[in-house]
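Okay, here's what each chain looks like letter by letter:
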Amino acid sequence: QVQLAESGGGLVQAGGSLRLSCAASGRIFWGYTMAWFRQAPGKEREFVAAITWNDGTTYYADSVKGRFTMSRVNAKNAGYLQMNSLKSEDTAVYYCAAKSGFWSSRPFEYAYWGQGTQVTVSS
């Protein structure tokens, strides 16, 4: 129904920036939430940020507050994650996800997932 595709990952030095994009091939409906999760090798998949599609309210994990910013362009069915002041601990595969209804930080509550994009922060 909804397919997601991430892009924008890459290798960046600590302190640098990257902008990730999430393109939805299907229509994201008014009551949906789009989110970003990340998973490092040997670690659990963790919540990064979310945005409600109707009013653009954002939510962030404590670990990225003040450094990452999520946004969306409704007409393009696209979400973005601007990542600044990157740290080595930000290294992970970043996944875009979507769900209907209220936001959640729990991965299992999201029905739609992208394939992931690698972000590597070197020092």
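Structural data are supplied above this passage.
Here the structure is a predicted model, which is why all the values come from computation and not from measurement.

What counts and how
- Residues numbered from 1 in each chain as written.
- Predicted model: local features only at pLDDT ≥ 70, side-chain atom pairs only at ≥ 80, totals over all residues.
- Heavy atoms only, no water.
- Core = buried A, V, L, I, M, F, W, Y, C linked by side-chain atoms within 4.5 Å.
- Buried < 20%, exposed > 50% of the residue type's maximum accessible area, 1.4 Å probe, protein only.
- Helix = DSSP H or I, 4+ residues; strand = E, 2+ residues; numbered from the N terminus.
- Contact = heavy atoms within 4.5 Å.
- Disulfide = S-S within 2.5 Å.

Counting 34 residues, the largest nonpolar core has Leu4, Trp36, Leu81, Met83 and Tyr94 as the members making the most contacts within it. If you list the elements that add at least two residues to this core, you get strand E3 (18-24), strand E4 (32-39), strand E5 (46-52), strand E7 (68-73), strand E8 (78-83), strand E9 (92-100) and strand E11 (117-122). Once residues within four sequence positions are removed from consideration, Leu81 is found in contact with Leu18, Arg19, Leu20, Trp36, Val48, Ala49, Phe68, Thr69, Met70 and Tyr94.

Take the state of the cysteines next. Using the criterion set out here, one finds one disulfide in the structure. The disulfide bridge from Cys22 ends at Cys96, spanning 1.9 Å between sulfur atoms. Negative torsions about the S-S bond denote left-handed disulfides, and the value of about -80 degrees found for Cys22 with Cys96 makes this one left-handed. Taken together, the residues span a long stretch of sequence, with Cys22 in strand E3 and Cys96 in strand E9 at a distance of 74 residues. According to the relative accessible area criterion, Cys22 is buried, its value standing at 1%. Of the residues examined, Cys96 reaches a relative accessible area of 0% and is grouped as buried.

Limitation: the analysis is restricted to geometry and does not speak to function.
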